[in-house]
Amino acid sequence: MTQGRRVINVPHSPPVSGRSTAPVRQLNGLTVRVGQVRDRWGMIPGAFGAHLCTRVTPASPPQNPTYIPEGRDAMLRPGSIIDVVRAHAQHRPDETAYSFLASGKSGFGITRQLSYGELDSTAAAIASTLLNSREPGDRVLVACPPGPEFLASFLGSLYAGLIPVPAPLPSGSKGQQARVNGMMTSSGAAAVLTDEQSFDEVRDWAAGSASRDVICLTAESAARRGSRDGSPSAVDPDALAFLQYTSGSTSDPRGVMVSHANLVENLALIKRSYGVPDGARIGGWLPPYHDMGLMGTLLLPLLIGGQTFVMTPSAFLRRPGLWLEMIDSHDVVFSPAPNFAYDLCVRRVSAERVAALDLSRWRWAVNGAEPVHDSTVRTFVEHFAPAGLRPEAVCPSYGMAETTLFVSGSPGSSAPVVSRVDGEQFERHRFTPAGESQEARLVVSSGPVSDGFDLRIVDPRSLRELADGEIGEIWLRGPSVAQGYWGLEEESERSFRAHTADGAGPFLRTGDLGVRHEGQLYVTGRIKEVLILNGRNVYPQDIEREAREQHPACADGVGAAFTVTVAGGGERVVLVQELRLRDSGETALRDVARRVMAGLSASLGVPVGNVVFVKPGGVLRSTSGKVQRVAMRRLFEEAALSPVLEELDERVRRAFRPDPVG
């Protein structure tokens, strides 16, 4: 046994002595032993009585020594997030768990709060109501706007043994409506939980979209009607906890099956990778149905016994500075956001507002987009340095729903690692350091390879494992890797149970390209989105980033670069770019288009002969802000973009616009 921990018996299990003899399960290459633990289990020493925990040991010696951290042959974890919440409610019921911020009569500030005791009792009441009409294992679409109702509904579903499916409201754009319809159908949800303000809209939508009996409830009414005295049943750590739908950046959203053990392990991995202390204050604005918003903002504080501060995405987009004011005013030390959020803050928060902020206590500004841009890191640090922001506080990271959330991240103890590499070699999938006098490409690390994963870099075609310094597909295995895709067994087999050419496995195939260099992980792009031009591997984000530099009208807009195939099999680059231009006359628009095309061709050496300008918001993005390039290419090919202007070369026009458009 690990020294300093006391393990007591699981009911109906043999006594524990030395190596545990508790029931054994296999989970992603690990042996999971179910036990109970008192004290010192990595959260709040001495605060919790006995809690269901999992003891994890390697099923066989790992092939990668970073798979299980040295000296940690046994790791103790709470069996589920339910155990954590109920323990907090028992020992510190009056401490605040959740604060919601919005604009009110007195300005922007806290409008609603939940203590740990209130959160637990509300979740228990919602669970009681759900079990009056639904069975454990049924799926529940949690379609609440950001606010206390979402967290209570999510936990209430877990308490009831039902499977929550975090979802956006079925309103807004046609894309969002289609996404929620797809989630409803795919998951086979038997119930929908929302809030009172959204109930009429959600009920009408559910009645029109469901082909079976689906009940629609509000979190408020469920909490009023249900009993607050019940206790959740014991949870099997390997059991399915919830379905996290992917962002859909390169394909249709799929429901990732996250177990209770996956959830707890990944939260603990985030805690120890960054060194987030117990009781820390965490905050953000990401939507709760997004994995980074759910895990990184709502659930991580529960694990560490901290407090979370939440504002709406719309509030952030209207006034990005409110996010930073929240961090300053409430001593938030950990707050995650995608890459575009940091760019937006630089553009929209004035020097005068920066001077009024104190960001010196912000220790982990987690940038969760991959790949993270060097220019974003540099300009954000420079812009907010007068507010006390430290360079090491900016933490590029990497993760995905298929690994529950987190894979790696810069730890916040030193500035992000940026490598100068040979640009020509990089386009040949070689990560070669550049000489001092050589023109170089700057690539930002996503942090050291985490001890929670066995990570391999693999040639996606030959399935041969690659050496450090070679760019290939990122493959992963470990206790955070989810169970597969809901209802998609063939795709789950292909993606979650892959083997290398020499038989090592099973691994998760991420679909991401990356490289391991000097212990750091660098994520370079998505396999499906790399543009192959005249033998060069060109990353679309390079074109999109450079396009914003070509004209002020493009600076604040989002772009999507992709290739299309023309007669004879040739590939042509197309850039769809959001544009803000006062003079919307055709002559002015064509001048901007030609300036952008000439600038891109000169700066990148990439022939970009096709530019489509759309209005702000015209480029589709996922819930995490990732550009949906595959979807944008499809819309372009189907002439469904509603362009402000299309400037196309003759071969592309003949292939896709036989009748003039724009």
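To start, this report covers the structure provided alongside it. (Residues numbered from 1 in each chain as written. Predicted model: local features only at pLDDT ≥ 70, side-chain atom pairs only at ≥ 80, totals over all residues. Heavy atoms only, no water.)

**Description of the overall build of the protein chain**
Applied cut-off: Secondary structure elements are defined from DSSP: runs of H or I of at least 4 residues count as helices, runs of E of at least 2 residues count as strands, and each element is numbered from the N terminus. Under the scheme applied here, a residue whose accessible area is under 20% of the maximum for its type counts as buried, over 50% as exposed, and between as partly exposed, the area being computed with a 1.4 Å probe on protein chains only. Contacts are residue-level and defined by heavy atoms, with any inter-residue pair within 4.5 Å sufficient. Here the open area of atoms and residues is found with the Shrake-Rupley method and a 1.4 Å probe, where only the protein chains shown may cover a residue.
Within the protein chain, the regular secondary structure consists of 19 helices and 31 strands. For the protein chain, buried positions account for 60% of its 662 residues. Taking all contacts inside the protein chain whose residues are at least 6 apart in sequence as the whole, residues at least 24 apart take part in 68%. Only carbon and sulfur atoms are counted for the fraction: they give 48% of the accessible area of the protein chain, which is about 25,900 Å².

**What about the pairing of strand β12 (residues 240-245)?**
Operational definition: Two strands qualify as a pair provided DSSP detects at least 2 bridges between them.
For β12, the buried fraction is high: 6 of the 6 residues fall into the buried class. As defined by bridge partners, β12 adjoins strand β13 (residues 255-259) across 5 bridges and the pair is classed as antiparallel. What sits directly across from Q244, in β13, is V256.

**Describing the sheet that holds strand β23 (residues 472-477)**
What counts is decided by this rule: Here an angle of 0 to 180 degrees is reported between the N-to-C directions of two axes, which are lines fitted to C-alpha atoms, with helices fitted over the stretch in contact.
One open sheet accounts for 4 strands, arranged β22-β23-β24-β25; its pairing is antiparallel. Each of the sheet's edge strands pairs with one partner strand only, and the pair in question is β22 (454-458) and β25 (520-526). This sheet shows a mean twist of 50° between the axes of neighbouring strands, independent of strand direction. Pairing analysis gives 5 bridges linking β22 to β23, with the strands arranged antiparallel. The partner of D454 across the bridge, within β23, is R477.

**Brief notes about the sheet that holds strand β28 (residues 559-565)**
Taking strand neighbours across the sheet as the criterion, the 4 strands line up as β28-β29-β30-β31 in an open arrangement whose pairing is mixed. Whereas interior strands pair on both sides, the edge strands pair on one side only; in this sheet they are β28 and β31 (645-647). Geometrically, the sheet is characterised by an average inter-axis angle of 15° between neighbouring strands, direction not taken into account. Looking at chain direction, strand β30 (residues 611-614) and β31 are connected through 3 bridges and run antiparallel. Residue pairing in the sheet places V611 in a bridge with E647 of β31. Set on the sheet, helix α17 (residues 586-604) makes contact with β29 (571-578), β30 and β31; between it and β31 the angle comes to about 45°.

**A short note on the state of the cysteines**
Rules: Disulfides are defined in this document as cysteine sulfur pairs within 2.5 Å.
One pass over the structure, following the stated rule, counts 0 disulfides. Here C144 is not disulfide-linked; the sulfur of C216 is the nearest cysteine sulfur, at 9.6 Å. Given the relative accessible area of 2%, C144 is considered buried.

**Structural notes on helix α1 (residues 81-91)**
Counting buried residues in α1 gives 8 out of 11 residues, a clear majority hidden from the surface. Within the sequence span of α1, burial applies to I81, I82, D83, V84, V85, A87, H88 and A89.

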